Amino acid sequence: MNEDIRIHSWPCSYYLDTSKQWVSGRLSLTPVAIKFTADKTGELLVNFHLSSISEIKKESSNLIFSSLTVLEKNTKHWFSSLQPNRNVVFNILEHFWREQLLSSQGTGAEAAALQSTKGKELTGLLSGSQKRLEDTAKVLHYQGEQFDNIMRGLNKIEGDMDVADRLLTELESPSWWPFSSKLWKAPLESKPKETAAVSDSKNQEGILIRIPVIITHRTDSNVKPGKLTLFASGLEISDCNSQVIHRFESKDVDDIRVHTPYEISVRQRFIGKPDTSYRLLSAKMPEAIPILEMQFSKKIQFLEDALGFVGARKSPQVDLGTSIWQAATGLLGGVVQPSSPVGSREGMDNDQVQLQKQEKISQEEAKELKQILKKLKGLALETEAELERQDEALDSITTSVDRATLNIDKQNRRIKKLT
C-alpha cells in the first residue's frame, strides 16, 4: 500500500512556535503520517509518523478556541479553525492513530521476519488466498441456502397448484359425481410441516469480517465512530455500543463506491424520497474491500483515487476462475525448484525436502506451508462441488418455474370457462 496516499485533508491554522504566529494551510492525513502545508509558501511545516504521537486532545484557552493538539514526542502541535469542525478531524485522526498503534505492536518481530523473507512471503500469500477462499465458501454456502429455500417455495407452489387443480376439477365435475368432495382434502394436512421446514432454515450466517469505521450519514458534516460488519447476505453498520444503525441486505444495495483504499460509500436509492447513503472510513478498509468486491461485483465502482489500489492488489494474486490449488502449488514449485515443471507430481511429493534445503525457509515454515496447501485443496474441492450443486439447483428451479407457468396458464383458461 502506498504510504503517501492522502486519506483526508482539512483547511486549518497551525501555530508556528518559531515565529509565534498562526499560519493558514491544510492538515493532511496519510496511512502512516500527519502533514501540514502552508498555503502561501507551500512549505511543509509538519511531517511526523503516527506512531510517534503520544496524545491527541481537544483543547482551548482564553485566546484559542476549539483547537486540537497533537503531542509528538516532546513537541505539542496546535491546530485551530478546523473545517468542517474539530470533532470530525479529531475522530478521524484518533481512529487512524489507534489503528497504527495496534498494527505497530508487531513491528518488533519485523527484523526477525526479514531473515526468512521468502518463507514469510509465501505464507502470507497462501494465507491470504485461504482467507479469500473461505469467504467465498461462506458466500456460496449462503447462496446455496437461498436456492434451497427457493426450491422449497416452488415445491409448495406446486402443491398448491395440485390443490387448485383438484378444486377446479370438482367445480367442473357434475353434481352427481360421487368422489368430488374427497379430491382435495388430503394434501392440506402437509401444509404445517412445509412451513415448519422453512422456519427451521432461518438464516444462521456467520460474520465474514468486522472492522472499526468512522461513519458519515448522507452529507452530514458530523462523523461518529462505529463498526462495519460484512455478512454473506449483506452488510451492517453499528455504533460503538454495537447498536445497529442500518443493515443493508444484498438486494438493497444499489451501488458501492470506493473513493480511496480507506473510504467507501454505500447507497440505496429510492423514488420520491431521499436515498439512504453512508460514507465509511477505516484504516482496515483494505481488508474489507476484496470481500465487498466479491459480493457486489456488479455494483462496486472504483473511483480514480482507488484505481491504483485495485491494480496493485490484483496483480500478485491468482484469478478466482483458475484452480487455486494449482496456483498455490505452482507458486511453491517456482520458488523451491524453478527448473522443475509447474505442478509436477514429483515436485509436489518432495515439497517438504526441497523447502528445507532453502536458506531462507525454515522447517516450521515448510510445515506451515504444507498445512495451508492441504486446506486450500480441501476448500477448492468443496467450492467446486458447491458450484456444481448450485448449477443443478438452478436447472431444477428453471424447470419448476416453467412448469408452474404452464399450470397457471391452464388454470386461468379453466377459470375463464367456469365464469
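- Per an unreviewed UniProt entry, the chain carries the name Synaptosomal-associated protein 47 and comes from Rostratula benghalensis.
- In its Sequence similarities (unreviewed entry) section, the UniProt entry covering the chain states "Belongs to the SVAP1 family."

As for the overall build of the chain
Stage number 1. If you tally the helices and strands in the chain, you get 10 helices and 15 strands.
Stage number 2. Counting the 419 residues in the chain, one finds 39% classified as buried.
Stage number 3. Residue pairs in contact within the chain that sit at least 24 positions apart in sequence constitute 52% of those at least 6 positions apart.
Stage number 4. Working note: accessible area of the chain is about 24500 Å², and carbon and sulfur atoms make up 51% of it.

Some details on the packing of aromatic side chains
Stage number 1. For the coordinates displayed, the defined rule picks out six aromatic pairs.
Stage number 2. Look at Tyr14 and Phe36: their rings are 5.3 Å apart centre to centre, the planes differ by 40°, and that puts the pair in the tilted class. In this pair, Tyr14 is assigned in strand S1 (residues 8-16) and Phe36 in strand S3 (residues 33-38), connecting sequence segments 22 residues apart.
Stage number 3. Owing to a relative accessible area of 7%, Tyr14 belongs among the buried residues under this scheme.
Stage number 4. Centre to centre, the rings of Phe248 and Tyr278 are 6.1 Å apart; their planes meet at 85°, and the pair counts as edge-to-face. Of this pair, Phe248 sits in strand S11 (residues 244-249) while Tyr278 sits in strand S14 (residues 276-281), placing them 30 residues apart in sequence.
Stage number 5. On the basis of relative accessibility, which here comes to 0%, the residue Phe248 falls in the buried class.
Stage number 6. A network of ring pairs unites the aromatic residues Tyr14, Phe36 and Phe79 as a single cluster.
Stage number 7. Note that Arg247 overlies the ring of Phe231, its terminal NZ or CZ placed 4.7 Å from the centroid.

Reading the values: rules and limits
Residues numbered from 1 in each chain as written. Predicted model: local features only at pLDDT ≥ 70, side-chain atom pairs only at ≥ 80, totals over all residues. Heavy atoms only, no water. UniProt positions renumbered as here; feature names shortened; annotations may be inferred. Helix = DSSP H or I, 4+ residues; strand = E, 2+ residues; numbered from the N terminus. Buried < 20%, exposed > 50% of the residue type's maximum accessible area, 1.4 Å probe, protein only. Contact = heavy atoms within 4.5 Å. Areas by Shrake-Rupley, 256 points an atom, 1.4 Å probe, with all protein chains shown as cover. Phe/Tyr/Trp six-rings, centres within 6.5 Å; stacked < 30°, edge-to-face > 60°. Lys NZ or Arg CZ within 6 Å of the ring centre and 35° of its normal.

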